[in-house]
Amino acid sequence: MKHKQVFSMNLTGPIDYGFRNNYMFRTALQLSQKALTGLISSLLHLPPSAIKSVTITNPITLGATIEDKDFVLDTNVLLNNNTLINLEMQVNNLYNWPERSLSYLCRNFDQLNKGQNYSELKPVIHIGFLDYTLFPEHPEFYATYRLLNLKDHFEYSDKLTLSVVDLKHIELATEADKAYGIDKWAALFRSISWEEILMTAKNDEYLMEATKTLYNLNADDMVRQRCQARMDAELQEQYLLKKIDTLTAENAAKDAEIESLKKELASLQQNV
């Protein structure tokens, strides 16, 4: 059931469910092929005209009840019937992103049917939008990784690519990132008010299409329920992560105290 609301460039106030809600992110990309086309063309440095087709190969039933354990977080896209792209929004740092992204990448690369030749394997690209810095010692707004020779950096293959967009460090966007509008997409995803998102999206038809899609989905009761369920799950994740950090710190402090007491005891025993 949808509320009767009309999209306006004069919208104000907070956005109930923005793009950092991974259910909203996934739903909006599935619902708007134009927004998906604009995002992919930006990330891959392609003119929109070079994108002939974008097909989501793992669609969900929009608004349907999905158990958390069964919820598919990533969006698989077949680009121009030639390249497989995996998109995912991740808000909480679960400290397993490198392994998780590699798992998705390899799973999608394992695509041969019986009788096919290995040369027929399609290139696979995994792109994660992270609301935290993956490698704090190496902050970068839009980082891309491939298989390279350790000595001379010669590329082993261009069929496996991992990219990470750090939503916390838009200020580190390079001139190339800005030229292709990747910083604008990141700002759109981080927007928490309608004023902010409309300012970001103005003068760009793809960003505006994504914004309109977000607005329409925020007016859909079933989608809102699913978004709230994801938000509740993320809050529970945050609570558990904080609890783990607290207990880890407490244990580290106890271990340090035990070591100090052992040293003091050893010193006393030596003087006996």
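Further up the page is the structure itself.
Residues numbered from 1 in each chain as written. Predicted model: local features only at pLDDT ≥ 70, side-chain atom pairs only at ≥ 80, totals over all residues. Heavy atoms only, no water.

### Description of the layout of surface pockets
Move 1: Estimates place the volume of the largest pocket at around 290 Å³.
Move 2: G18, R20, N21, M231 and E234 are the residues nearest the centre of the largest pocket, which is lined by 16 residues in total.
Move 3: In terms of residues, the lining of the largest pocket owes the most to one element, helix α8 (residues 221-270), which gives 4 residues.
Move 4: The residue makeup of the lining of the largest pocket, split by class, is 8 nonpolar, 4 polar and 4 charged. (1 Å grid on protein atoms, 1.4 Å probe; cavity = no way out; pocket = protein on both sides within 12 Å on 5 of 7 lines; lining within 4 Å. Points joined across faces, edges and corners; volume = space filled by probe spheres on them. Helix = DSSP H or I, 4+ residues; strand = E, 2+ residues; numbered from the N terminus. Nonpolar A, V, L, I, M, F, W, Y, C, P; charged D, E, K, R; others polar.)

### Describing the sheet that holds strand β2 (residues 75-79)
Move 1: Pairing within the open sheet is mixed, and its 6 strands lie in the order β1-β2-β3-β4-β6-β5. In this open sheet, the two strands that pair with only one neighbour each are β1 (54-56) and β5 (142-148). Sheet twist, expressed as the mean angle between neighbouring strand axes with direction ignored, is 20°.
Move 2: Judged from the 6 bridges that link them, β5 and strand β6 (residues 155-166) form a sheet pairing that is antiparallel. Within the sheet, the bridge partner assigned to A143 lies in β6 and is V164.
Move 3: In this fold helix α1 (residues 22-31) packs onto β1, β2, β3 (83-90) and β4 (124-130), with an angle of close to 145° to the strand it touches most, β3.
Move 4: Contacts between helix α2 (residues 33-43) and the sheet are confined to β1, β2, β3, β4, β5 and β6, with β1 contributing the most and set at about 110° to the helix. (Pairing = 2+ DSSP bridges. Axes fitted to C-alpha atoms, helices over the stretch in contact; angles between N-to-C directions. Contact = heavy atoms within 4.5 Å.)

### A look at the nonpolar core
Move 1: Residues L43, L87, I127, F129, V165, L188 and F189 are the most contacted members of the largest nonpolar core, which totals 49 residues.
Move 2: Discounting residues that sit within four places of it in the chain, L43 has contacts with L87, I127, F129, Y142, V165 and I182.
Move 3: Judged by nonpolar contacts, the second largest core, of 6 residues, contains L78, L105, L160 and L162. (Core = buried A, V, L, I, M, F, W, Y, C linked by side-chain atoms within 4.5 Å. Buried < 20%, exposed > 50% of the residue type's maximum accessible area, 1.4 Å probe, protein only.)

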